[in-house]
Amino acid sequence: MSVHEVNHPMVKHKIGLMREAGISTKKFRELTAEIASLLSYEACRDFPLEGKTIEGWDGNPVQIQQIKGKKVTVVPILRAGIGMLNGVLDMIPNAKVSVVGLARNEETLEAHTYYEKFVGRLDERLALIIDPMLATGGSLDATIVMLKNNGCRQIRVLSLVAAPEGLARISAAHPEVDVYVAAIDERLNQSGYILPGLGDAGDKIFGTK
Ligand SMILES: O=P(O)(O)OC[C@H]1O[C@H](OP(=O)(O)OP(=O)(O)O)[C@H](O)[C@@H]1O
Ligand SMILES: O=c1cc[nH]c(=O)[nH]1
Ligand SMILES: [Mg+2]
C-alpha cells in the first residue's frame, strides 16, 4: 500500500479548521466536501489522457485532451462517507456510486455490515472508497474485502484523517491499495478515536450530537 498524505497548503489549512471544538455542522460539512474534492484531484493525477480534435470558437479545428475512458465507482461508507460524496462527484461527475453501510461496535470496535449495493462491472472500474475517518481500519478492511469479493481489482481510498494503526492494518492486508489522506494523526485513544482527530465525524456531519 502507498499512503499519500496530501501536503497542499489548502488541505492543511482546511483540516486545521475542522479540528476546532464547537465547529458548526454547516462548517464541518462544507470543509468535508471541499477536502474531498482536493483529495480526489490528487487521487486522479495518473488518469490517462487521449487527444481529440474539436471545432474551436473561431470555426478552426483545435486539439484537446480528455480523460481516456476511465470507469470509476465512488464508494461512500455510510454514514460519514456521504459527507464526502458531493465533493468527489464535483470532480468526477460521471462516476457511478456504490454504497456500503457499516457501523463500528462502540465496545469491540468491530465493523458490522448492514448494507451493500454495488454498481455493475466492478472488474472494469476503479473504486474510490470515501470515509472521513480511518481509525482501527476495520471498516475500511471490510469494505475492501466486499469490493474484492465482487470482482473489483483497482481500489483507492480517500480519508480526511488516518491513524497509524489503521494504515498499518490496511497495508498488511491489502498492500496493493493506495490511500490518500489530508492528515496522518498521532494515535488512537482507548475508545478507538483518533487523536488529535476530528471527534465523531458522522455525528458532526449529520448533526446527531
Ligand atoms: O477504522 P474504524 O475503527 O473502523 O473506524 C472508522 C469508522 O468509524 C466511523 O463510522 P461509524 O461506525 O461511527 O459510523 P457512522 O459513519 O454511521 O457514524 C467512520 O466514519 C469510519 O467508518
Ligand atoms: O476518531 C474517530 C474514529 C472513528 N470514527 C470517528 O468518527 N472518529
Ligand atoms: Mg460515527
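Residues numbered from 1 in each chain as written. Chains lettered and ligands numbered in written order. Predicted model: local features only at pLDDT ≥ 70, side-chain atom pairs only at ≥ 80, totals over all residues. Heavy atoms only, no water.

Naming follows an unreviewed UniProt entry, where the protein chain appears as Uracil phosphoribosyltransferase of Oryzomonas sagensis. One UniProt comment on the protein chain, placed under Pathway (unreviewed entry), says "Pyrimidine metabolism; UMP biosynthesis via salvage pathway; UMP from uracil: step 1/1." (UniProt positions renumbered as here; feature names shortened; annotations may be inferred.)

Colleague: Please clarify how the site of ligand 1 should be interpreted in this entry.
Modeller: Around ligand 1, a shell composed of 15 residues is seen, among which Arg104, Asp131, Thr136, Gly137 and Ser139 lie nearest. The backbone of Arg104 places a nitrogen or oxygen atom 2.8 Å from an oxygen atom of ligand 1. One of the backbone N or O atoms of Gly137 is found 2.8 Å from an oxygen atom in ligand 1. Of all elements in the fold, only β6 (99–104), β9 (133–134) and α4 (138–149) reach the threshold of two or more residues within the shell around ligand 1. If one sorts the elements of the shell around ligand 1 by residue count, β6 sits on top with three residues. (Near = heavy atom within 4 Å. Polar contact = N/O pair within 3.5 Å; in protein donor to acceptor, adjacent residues only side chain to side chain. Helix = DSSP H or I, 4+ residues; strand = E, 2+ residues; numbered from the N terminus.)

Colleague: Which parts of the structure should I look at to understand the packing of helix α1 (residues 9–18) against helix α2 (residues 25–43)?
Modeller: Axis angle and axis distance: for two packed helices, these are the angle between their axes and the distance between the axes, and together they describe the pair. At a minimum axis separation of 10 Å, α1 and α2 run at an interaxial angle of 155°. Taken together, α1 and α2 sit at an angle that is classed as roughly antiparallel. In this structure, α1 meets α2 at a crossing whose hand is left-handed. In this structure, α1 contributes Met10, Val11, Lys14, Ile15, Leu17 and Met18 to the contact, and α2 contributes Phe28, Leu31, Thr32, Glu34, Ile35 and Leu38. Counted by class, the contact of α1 with α2 contains nine nonpolar, one polar and two charged residues. (Axes fitted to C-alpha atoms, helices over the stretch in contact; angles between N-to-C directions. Parallel < 35°, antiparallel > 145°, perpendicular 65-115°, else oblique. Left-handed = near helix turned anticlockwise from the far one by under 90°. Contact = heavy atoms within 4.5 Å. Nonpolar A, V, L, I, M, F, W, Y, C, P; charged D, E, K, R; others polar.)

Colleague: What am I meant to see in the environment of Ala127 here?
Modeller: With respect to the secondary-structure elements, Ala127 resides in strand β8 (residues 126–130). Between the C-alpha atom of Ala127 and that of Gly16, which follows or precedes it by 111 residues, the distance is 28 Å. Once you skip the residues sitting within four places of it in the chain, Ala127 turns out to touch Thr73, Val75, Leu147, Cys152, Gln154, Ile155 and Arg156.

Colleague: Is there a simple way to explain the UniProt feature "binding site: 5-phospho-alpha-D-ribose 1-diphosphate" (unreviewed entry) in the protein chain in this structure?
Modeller: Mapped onto this numbering, the UniProt entry annotates "binding site: 5-phospho-alpha-D-ribose 1-diphosphate" (unreviewed entry) at Arg79, Arg104, Asp131, Pro132, Met133, Leu134, Ala135, Thr136, Gly137, Gly138, Ser139 and Asp200. Here Arg79 lies in the loop between β4 (72–78) and α3 (82–91). Residue Arg79 is classed as partly exposed on the basis of its relative accessible area of 33%. Excluding anything up to four places from it in sequence, Arg79 contacts Tyr114, Gly202, Asp203, Phe206 and Thr208. Those residues in contact with Leu134, other than ones at most four positions away along the chain, are Leu140, Ser159, Val161, Ala162, Ala163, Gly166, Leu167, Ile170, Val179 and Ile194. (Buried < 20%, exposed > 50% of the residue type's maximum accessible area, 1.4 Å probe, protein only.)

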